[in-house]
Structures are given as C-alpha cells and as structure tokens.
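Inside the fold
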Amino acid sequence: MKNTFLYLFIFSLLVNIFQYVNSNKILDAKEKEVVSTKEKLEVVKKSIDSIQYNDYFDIQKDQDAQEYFYSRNLDYVKVMEKVNEDLVTLNTNEKGNPLIPYEPIDNKNFIVNKAKILNHRWIIAEYSNGNLWGQILVKYFYNDNEPTDFETVETILYEKQRVEK
C-alpha cells in the first residue's frame with residue numbers, strides 16, 4: 001500500500017512538473033506574440049502618421065482653405081472640379097500647356113499629367129512631353145463664371161535619365 005501511495009505521489013509530482021513546464025512554454029509563446037503584435041502596431045501607427053503628414057498640404061484636409069470658399073458661398077469640391085477642368089483644358093493648346101515655360105522638344109508638347117490642389121491658392125503639378133518630365137508650382141485665382149486664372153510661380157525640368165549599359 002505504501003508503494004502505491006509513493007507511486008501516486010511521484011506520478012502526481014511528474015504531472016504537476018509537466019503542467020508547469022508546459023504552461024511556461026505557452027506563456028512565453030504568448031508573450032512573444034504580444035510583443036510582436038505591439039511592434040507591428042507601432043509600425044502601423046508610424047505609417048498612419050506619415051500618411052497624415054504627407055496629406056497635410058491638401059485642400060481636402062485644410063479647413064482654412066475650405067472656409068475661404070464657404071465664406072464666399074462656394075462649394076470647394078465644385079470649385080476644385082472647375083479648377084482641374086480649366087487646368088486640363090490648357091493642355092489642348094497647340095503648343096502645349098502655356099503654364100509650362102518650355103518650347104516643345106522633339107516636336108512633343110509639354111502637358112500637365114497630374115495636379116494636386118494644395119489650398120485655395122496653390123497647385124502643384126507634374127508635366128511631361130513623353131520623354132522629359134518636371135514639376136510646376138501654380139498660383140490660381142478662381143473666377144465663378146469665367147475660366148480660372150493661372151500664374152506660373154516656379155518650374156523644374158528634370159534631366160533625361162541615361163541608361164547605363
């Protein structure tokens with residue numbers, strides 16, 4: 001009988017040691033998982049902060065620029081649509097977009113490809129002629145029933161990239 005109790009005691013001791021070791025392994029694994037998840041969460045937070053920082057100069061995020069139009073009883077979304085339309089319409093000029101101060105190169109006109117309205121006064125845009133490209137900073141003045149007035153502030157034309165062989 002003593003041997004049976006001794007064996008049961010040893011067996012229960014081994015089961016308890018097994019459960020203790022196993023639960024420690026599970027806890028360690030879960031702790032690593034929590035640390036990994038926290039690190040991923042930090043990366044996502046930094047990414048969101050970066051996106052918000054990059055969108056800082058955007059009329060859709062700029063309450064002051066929106067208020068500028070609202071104070072004149074204008075819907076800024078409709079104003080932006082008209083400004084973009086007027087900007088793209090300038091691309092139909094036979095010598096290219098007149099906001100871009102470069103003559104056609106290789107008989108290819110420079111036109112605005114993409115534009116971002118920064119606020120109630122400024123636009124930044126990319127332009128190209130198919131081979132060369134650059135960026136332009138434009139000041140604009142919205143006119144209700146007339147085409148928008150544009151004024152080129154600054155441009156940059158990038159050098160053509162050479163392909164090394």
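The structure contained in this document is the topic of the report that follows. Just so it is clear, the model here is predicted, and its values are computed rather than measured.

The helix and strand tally for the chain stands at three helices and four strands. If you list the helices and strands of the chain from N to C, you get α-α-α-β-β-β-β. Relative to a compact globule of 165 residues, whose C-alpha radius of gyration would be 15 Å, the chain shows 32 Å and is clearly more extended. Counting only C-alpha atoms and orienting by the principal axes, one finds that the chain spans roughly 110 × 55 × 20 Å. Within the chain, the proportion of its 165 residues that are buried is 24%. Long-range pairs, those at least 24 residues apart, make up 39% of the contacts in the chain with a sequence separation of at least 6. Carbon and sulfur atoms make up 55% of the accessible area of the chain, which totals about 13,000 Å². Here the chain carries 21 positive and 26 negative side-chain charges, and the mean point of each set is 12 Å from the other.

This paragraph deals with the environment of Lys108. One can find Lys108 in the loop between α3 (76-89) and β1 (111-117). Classification of Lys108 as partly exposed rests on a relative accessible area of 33%. The spatial distance from the C-alpha of Lys108 to the C-alpha of Asn131 is 8.6 Å, given a sequence separation of 23 residues. Once residues within four sequence positions are removed from consideration, Lys108 is found in contact with Asn129 and Asn131.

Before going further, it helps to spend a moment on the pattern of salt bridges. Scanning the model with the defined rule gives two salt bridges in all. In this structure, Glu33 and Lys30 form a salt bridge, with 3.7 Å as the shortest nitrogen-oxygen distance. Taken as a pair, Glu33 and Lys30 lie in helix α1 (residues 2-54) at a separation of three residues, close to a single helical turn. A relative accessible area of 46% places Glu33 in the partly exposed class.

With that settled, the discussion passes to the nonpolar core. By size, the foremost hydrophobic cluster in this structure holds 23 residues, and its most contacted members are Ile59, Phe69, Met80, Val83, Ile123, Tyr140 and Phe150. Among the elements that make up this core, the one with the highest residue count is α3 (five residues). Excluding its chain neighbours within four sequence positions, the residues that come into contact with Phe150 are Val83, Asp86, Leu87, Leu90, Leu99, Ile123, Val138, Lys139 and Tyr140.

Quick look at the packing of aromatic side chains now. When we look at a pair of aromatic rings, we describe it by the centre distance and by the angle of the planes. In this structure the tally under the stated criterion is seven aromatic pairs. With a centroid separation of 5.3 Å and an interplanar angle of 80°, the aromatic rings of Tyr68 and Phe69 are classed as edge-to-face. Judged by relative accessible area, Phe69 falls into the buried class, the value being 2%. Every member of this aromatic cluster is reached through a ring pair, and the members are Tyr68, Phe69 and Tyr142.

This paragraph deals with the packing of helix α2 (residues 63-70) against α3. Look at α2 against α3: their axes get within 9 Å of each other, and the N-to-C directions meet at 90°. As judged from the angle between their axes, α2 and α3 are roughly perpendicular. Across from Gln66, Phe69 and Tyr70 in α2, the residues of α3 making contact are Tyr76, Val79 and Met80. Grouping the constituent residues of the contact of α2 with α3 by class yields five nonpolar, one polar and no charged.

Turning our attention to the sheet that holds strand β4 (residues 149-157). What the four strands build is an open sheet, ordered β1-β2-β3-β4; its pairing is antiparallel. Two strands in the sheet have a free side with no partner beyond their single neighbour: β1 and β4. For this sheet the average axis-to-axis angle between neighbouring strands, irrespective of direction, equals 25°. As paired elements, strand β3 (residues 133-141) and β4 share eight bridges and run antiparallel to each other.

Cut-off values and rules
- Residues numbered from 1 in each chain as written.
- Predicted model: local features only at pLDDT ≥ 70, side-chain atom pairs only at ≥ 80, totals over all residues.
- Heavy atoms only, no water.
- Helix = DSSP H or I, 4+ residues; strand = E, 2+ residues; numbered from the N terminus.
- Rg over C-alpha atoms; globule rule 2.2 N^0.38 Å.
- Buried < 20%, exposed > 50% of the residue type's maximum accessible area, 1.4 Å probe, protein only.
- Contact = heavy atoms within 4.5 Å.
- Areas by Shrake-Rupley, 256 points an atom, 1.4 Å probe, with all protein chains shown as cover.
- Lys, Arg positive; Asp, Glu negative; His and termini not counted.
- Charge placed at Lys NZ, Arg CZ, Asp CG, Glu CD.
- Salt bridge = Lys/Arg side-chain N within 4 Å of Asp/Glu carboxyl O.
- Core = buried A, V, L, I, M, F, W, Y, C linked by side-chain atoms within 4.5 Å.
- Phe/Tyr/Trp six-rings, centres within 6.5 Å; stacked < 30°, edge-to-face > 60°.
- Axes fitted to C-alpha atoms, helices over the stretch in contact; angles between N-to-C directions.
- Parallel < 35°, antiparallel > 145°, perpendicular 65-115°, else oblique.
- Nonpolar A, V, L, I, M, F, W, Y, C, P; charged D, E, K, R; others polar.
- Pairing = 2+ DSSP bridges.

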